[in-house]
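Structural features, examined
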Amino acid sequence: MSTLGQLLRRAADHPDSGLRFLDRRERANFVSWQEIHYRALGVAGRLESAGIAAGDRVAMIFPTGEAFFYGFFGILACGAVPVPLYPPVRLGRLQEYHLRTAGLISASGARLVLADPRVRRILGETIERARPALGCRTLDDLPTAPPRDEIATDRAEDLALVQFSSGTTVDPKPVALSHRAIRAQTEALNSFWPEGHHTGVSWLPLYHDMGLIGCVFPALERPATLTLLPPEAFVVRPVLWLRAISRYRATISPAPNFAYGLCLEKITDEEMDGVDLSCWQVALNGAEAVAPSVLRAFRERFARWGFQGTALTPVYGLSEAALAVTFSPLDQPFSSTTFDRDHLAQEGRAEAADAGLELPSLGRPLPGFELRILPVTAQDPATRAVPDGEIGKLWVRGPSLMSGYLGRPEATARALVDGWLDTGDLGFVRDGELYLTGRAKDLIVLRGRNYAPEEIEQSLQDLPGLRTGCAIAVGWLPEGQEREILALLVETAREATKEEIEGLPQRCSERVLGATGLKADRVVILEPGTLPRTTSGKLRRQEALQRYLADELTAPNPVTGLSMIGALARSSVAYARSRVSRPRAAEGGKG
């Protein structure tokens, strides 16, 4: 089985395919796989001169752009292992970013951090905390050296990538993925697309598995051309995504559920002038809970511009499986089922009813994958599976599972048992199709019954004044009290009026009561950007609850010119301190 480096070498024989980068003004810059291969060999030689050896981990902090790929494949070309990390996009929470990112660098065991020049200027405090042996450098900072003649030869079982888990309920863990696992996932994805020539468009972050493994690697294997937009450009102006699909006749483009909602909220009819979405065959929806109501609204709204509802494809996956596990059928409308909440809560079973929680089908396992739904308390995958339609904990087995959590044998032993992965997700299988009800650690217990927070949060969609996808339901038992508390933590929309904000607590309470029969004890109104998120943008419910109870759930600091000058000054001082404390023998070249 070929490694990622060997795939790049093969793709270099097709100079007409590669990556197309779009900026906010929709200006395109094409870079062929051939050019990436050539530049990667140059970076590899300079990394070796800097002291990087085969098997070393190298952290990467880059925005979307060609430099990311020169660095990524350059690291692979000298036999080292890339560790993509997220850049500091929430500038109002820089101190939190420094703490978290330093933890990720340390957890990966990275000897060197490569960074974009603009990003590097602000990373001083991160580097001072993490203390990688070779410090932090840009590609231009690496020592001058001749390029490697060829990409290092790796074995299929060698470590190819360290991808951090999303960390919705616990701190992110370093997922060790081999070349074999990534190739198996890539081949499964490419075998699933309809017959014919395919091109893709993605705005997904490159440090996230859906963006890198789900978009870049399948294009590399074909090889094909993939169009990339910066994530921040999509968030500010979502129509850029749809315009790129139309302009380059993309057939495949994935996104999390919030992206489809953002398009509904922010895109005007005028912006869609001249757009034709009839080419879009596969609109994957994954990485977070899928809301059928959002997909229906998206299908109806954009049908007039040629969008085919059959393109909507809910999927399920996770970092520990190198991405996808199940896919909904292509060329068929997505399906969902509604369940009786009372029965769901009392018996732990899913029975059809006329009203209740609507759950989308996430489809059937990809080729080579298997699913098992076991009792929630089961620790052994050999345990007897629960009956069809009954809720339990999801275990999966397949060809692209991780080797384990890097440097964490105990966590690996808990998650991987006899070739099966304990996903930590709750759900059930009916007629061979997977339905998820939530995360086991996020369950809310009220009056002796279990409720999935997604069920409560789903009822708050489209409320005037509420920021799309920014509502959390949490429950806890206060010390000394006899009953649990249900709280709704919701962010206001940036454009919300004073009247909308003032009426938001009552409207939230009414929505939840009408949809679930539950009375919210507290509705906490928060400023935009207050709720903590994972590196991939998912809301962290347990951390939000902990911060709220500690009276530490606060809005980001305002970003001003003066605050940025201060951040850059602190970064420079931190770099100076880290250079003084780093052993000179480890510095190797320009630092």
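Residues numbered from 1 in each chain as written. Predicted model: local features only at pLDDT ≥ 70, side-chain atom pairs only at ≥ 80, totals over all residues. Heavy atoms only, no water.

The next point concerns the overall build of the protein. A tally of regular secondary structure across the protein gives 18 helices and 27 strands. By the compact-globule yardstick of 25 Å for 591 residues, the protein fits well, its C-alpha radius of gyration being 24 Å. Principal-axis analysis of the C-alpha atoms places the extent of the protein at approximately 70 × 55 × 55 Å. Buried residues in the protein amount to 58% of all 591 residues. Within the protein, one finds 67 positive and 71 negative side-chain charges whose respective centroids are separated by 6 Å. (Helix = DSSP H or I, 4+ residues; strand = E, 2+ residues; numbered from the N terminus. Rg over C-alpha atoms; globule rule 2.2 N^0.38 Å. Buried < 20%, exposed > 50% of the residue type's maximum accessible area, 1.4 Å probe, protein only. Lys, Arg positive; Asp, Glu negative; His and termini not counted. Charge placed at Lys NZ, Arg CZ, Asp CG, Glu CD.)

A word on the pattern of salt bridges. Inspection of every chain in the model, using the stated rule, returns 28 salt bridges. Ionic pairing is found between arginine 570 and glutamate 125, a salt bridge with its closest N-O pair at 3.6 Å. Highlighted residues: arginine 570 in helix H18 (residues 561-581) and glutamate 125 in helix H6 (residues 124-130), separated in sequence by 445 residues. Where arginine 304 meets aspartate 269, a salt bridge forms, and the shortest distance between an N and an O atom there is 3.1 Å. Of this pair, arginine 304 sits in the loop between helix H12 (292-302) and strand S12 (312-318) while aspartate 269 sits in the loop between helix H11 (257-266) and strand S11 (283-285), and the two are 35 residues apart along the sequence. In the salt-bridge network here, residues are joined through shared partners; they are Glu96, Arg100, Arg540, Glu543 and Arg547. (Salt bridge = Lys/Arg side-chain N within 4 Å of Asp/Glu carboxyl O.)

Right, let's talk about the nonpolar core for a bit. Residues Phe69, Trp241, Leu242, Tyr260, Trp280 and Phe302 are the most contacted members of the largest nonpolar core, which totals 122 residues. In contact with tyrosine 260, other than residues within four places in its own chain, are Trp241, Ser253, Ala255, Trp280, Ala283, Leu284, Asn285, Val294, Leu295, Phe298 and Leu312. Grouped together as the second largest cluster of nonpolar side chains are 23 residues, Tyr86, Ile105, Ala110 and Val113 included. (Core = buried A, V, L, I, M, F, W, Y, C linked by side-chain atoms within 4.5 Å. Contact = heavy atoms within 4.5 Å.)

So, on to the packing of helix H2 (residues 33-50) against helix H3 (residues 66-77). Following both chains from N to C, one finds H2 and H3 inclined at 60 degrees, their axes separated by 7 Å at the closest point. One finds that H2 runs oblique with respect to H3. You can see that H2 and H3 cross each other, and the crossing is right-handed. Across from Glu35, Ile36, Arg39, Ala40, Leu41, Val43, Ala44 and Leu47 in H2, the residues of H3 making contact are Phe69, Tyr70, Gly71, Phe73, Gly74, Ile75 and Ala77. A breakdown of the residues in the contact of H2 with H3 according to their chemical character gives 11 nonpolar, two polar and two charged. (Axes fitted to C-alpha atoms, helices over the stretch in contact; angles between N-to-C directions. Parallel < 35°, antiparallel > 145°, perpendicular 65-115°, else oblique. Left-handed = near helix turned anticlockwise from the far one by under 90°. Nonpolar A, V, L, I, M, F, W, Y, C, P; charged D, E, K, R; others polar.)

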